[in-house]
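Now for the letters of each chain:
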Amino acid sequence: MTMQVVINKKFIQIFLRLTVLLLIPELLYKDATLYLIGGFIGWTLTEMLETVGIVAKDYLIFSAWIVLLSLIILLFFKTKIKVVKYILLVVAALSLYLFDILFAKIPLFDMDSTKLAVFLDNVFLVLLVLVKAFVISMLIHFGLGSNELKKASN
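The rules behind each value
- Residues numbered from 1 in each chain as written.
- Predicted model: local features only at pLDDT ≥ 70, side-chain atom pairs only at ≥ 80, totals over all residues.
- Heavy atoms only, no water.
- Phe/Tyr/Trp six-rings, centres within 6.5 Å; stacked < 30°, edge-to-face > 60°.
- Helix = DSSP H or I, 4+ residues; strand = E, 2+ residues; numbered from the N terminus.
- Buried < 20%, exposed > 50% of the residue type's maximum accessible area, 1.4 Å probe, protein only.
- Lys NZ or Arg CZ within 6 Å of the ring centre and 35° of its normal.
- Polar contact = N/O pair within 3.5 Å; in protein donor to acceptor, adjacent residues only side chain to side chain.
- Contact = heavy atoms within 4.5 Å.
- Core = buried A, V, L, I, M, F, W, Y, C linked by side-chain atoms within 4.5 Å.
- Axes fitted to C-alpha atoms, helices over the stretch in contact; angles between N-to-C directions.
- Parallel < 35°, antiparallel > 145°, perpendicular 65-115°, else oblique.
- Left-handed = near helix turned anticlockwise from the far one by under 90°.
- Nonpolar A, V, L, I, M, F, W, Y, C, P; charged D, E, K, R; others polar.

Student: Sorry if this is basic, but what is going on with the packing of aromatic side chains here?
Tutor: When we look at a pair of aromatic rings, we describe it by the centre distance and by the angle of the planes. Summed over all chains, the structure comprises four aromatic pairs. With a centroid separation of 6.5 Å and an interplanar angle of 75°, the aromatic rings of Phe 15 and Phe 134 are classed as edge-to-face. Taken as a pair, Phe 15 in helix α2 (residues 9-28) and Phe 134 in helix α7 (residues 114-153) lie far apart in primary sequence, 119 residues in all. Judged by its relative accessible area of 19%, Phe 15 falls in the buried class. Between Phe 76 and Phe 77, the ring centres sit 5.3 Å apart and the planes meet at 75°, which makes this aromatic pair edge-to-face. What makes Phe 76 buried here is its relative accessible area of 1%. Phe 77 sits in the partly exposed class, given a relative accessible area of 37%. What links up through ring pairs into an aromatic cluster is the set Phe 11, Phe 15 and Phe 134. One Lys or Arg, Lys 85, reaches over the ring of Phe 76 and ends 5.0 Å from the middle of that ring.

In structure tokens:
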């Protein structure tokens, strides 16, 4: 695939809309979505692991989350059932908050300069929104295809 195939008008529109959609909650309630989704997924994985007798450590939860996200994306591309495809797309999009949790582990506020820490925190926020918007845009673009997108928009 060349960049010319990936970056077309439809892809850019989807990417820009998703960027705004993901950025608005972050600007209104910083990290609220992260805590809700991360807490739910993290708690669920912790409970599942502890049910089978495995002590849930951070690295184990992150690994399980990455495997889960990979399986969701794989199922998204493999399924032909439209309703299931849309549900998997939403679940994959919500699961991308794994990246926010990984970045939250960076000790920004241990820095000497508060201004630099706040600046870097804002830079990471924008980068994470752009990464999530890009990944979801790619899923929509390649997973739903232009024919399904045309049908959905009508």
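There's more to say after this.
Student: Please clarify how the environment of Trp 65 should be interpreted in this entry.
Tutor: In this structure, Trp 65 sits in helix α4 (residues 58-78). Accessibility expressed as a relative area gives 1% for Trp 65, which makes it buried. As a C-alpha pair, Trp 65 and Ile 41 span 24 residues in sequence and 8.0 Å in three-dimensional space.

Student: When you look at the side chain of Thr 79 in this model, what are you seeing that I'm missing?
Tutor: Along the polypeptide, Thr 79 turns up in the loop between α4 and α5 (82-95). Of the polar contacts made by the side chain of Thr 79, one reaches the backbone nitrogen of Ile 81; its length is 3.3 Å. Setting aside residues up to four positions removed in sequence, Thr 79 forms contacts with Val 84, Lys 85 and Leu 88.

Student: Help me understand the nonpolar core, please; the structure alone is not making it clear to me.
Tutor: As a rule of thumb, soluble globular proteins bury nonpolar side chains together. Within the largest apolar cluster, 31 residues are counted, with the highest numbers of intra-cluster contacts made by Leu 18, Leu 22, Trp 65, Phe 76, Leu 89, Ile 136 and Ile 140. Counting residues per element, the ones that place at least two in this core are α2, α3 (32-51), α4, α5, α6 (98-104) and α7. In contact with Leu 18, other than residues within four places in its own chain, are Ala 133, Ile 136, Ser 137 and Ile 140.

Student: How should the packing of α4 against α5 be read in this particular structure?
Tutor: Two numbers describe a pair of packed helices, the interaxial angle and the distance between the axes. At their nearest, the axes of α4 and α5 sit 9 Å apart, and the two run at 155° to each other. The angle between α4 and α5 falls in the class roughly antiparallel. Regarding α4 and α5, the two cross each other, and that crossing is left-handed. Mapping the contact onto sequence places Trp 65, Leu 69, Ile 72, Ile 73, Leu 75, Phe 76 and Phe 77 in α4 and Lys 85, Leu 88, Leu 89, Val 91, Ala 92 and Ser 95 in α5. Partitioned by chemical class, the residues of the contact of α4 with α5 number 11 nonpolar, one polar and one charged.

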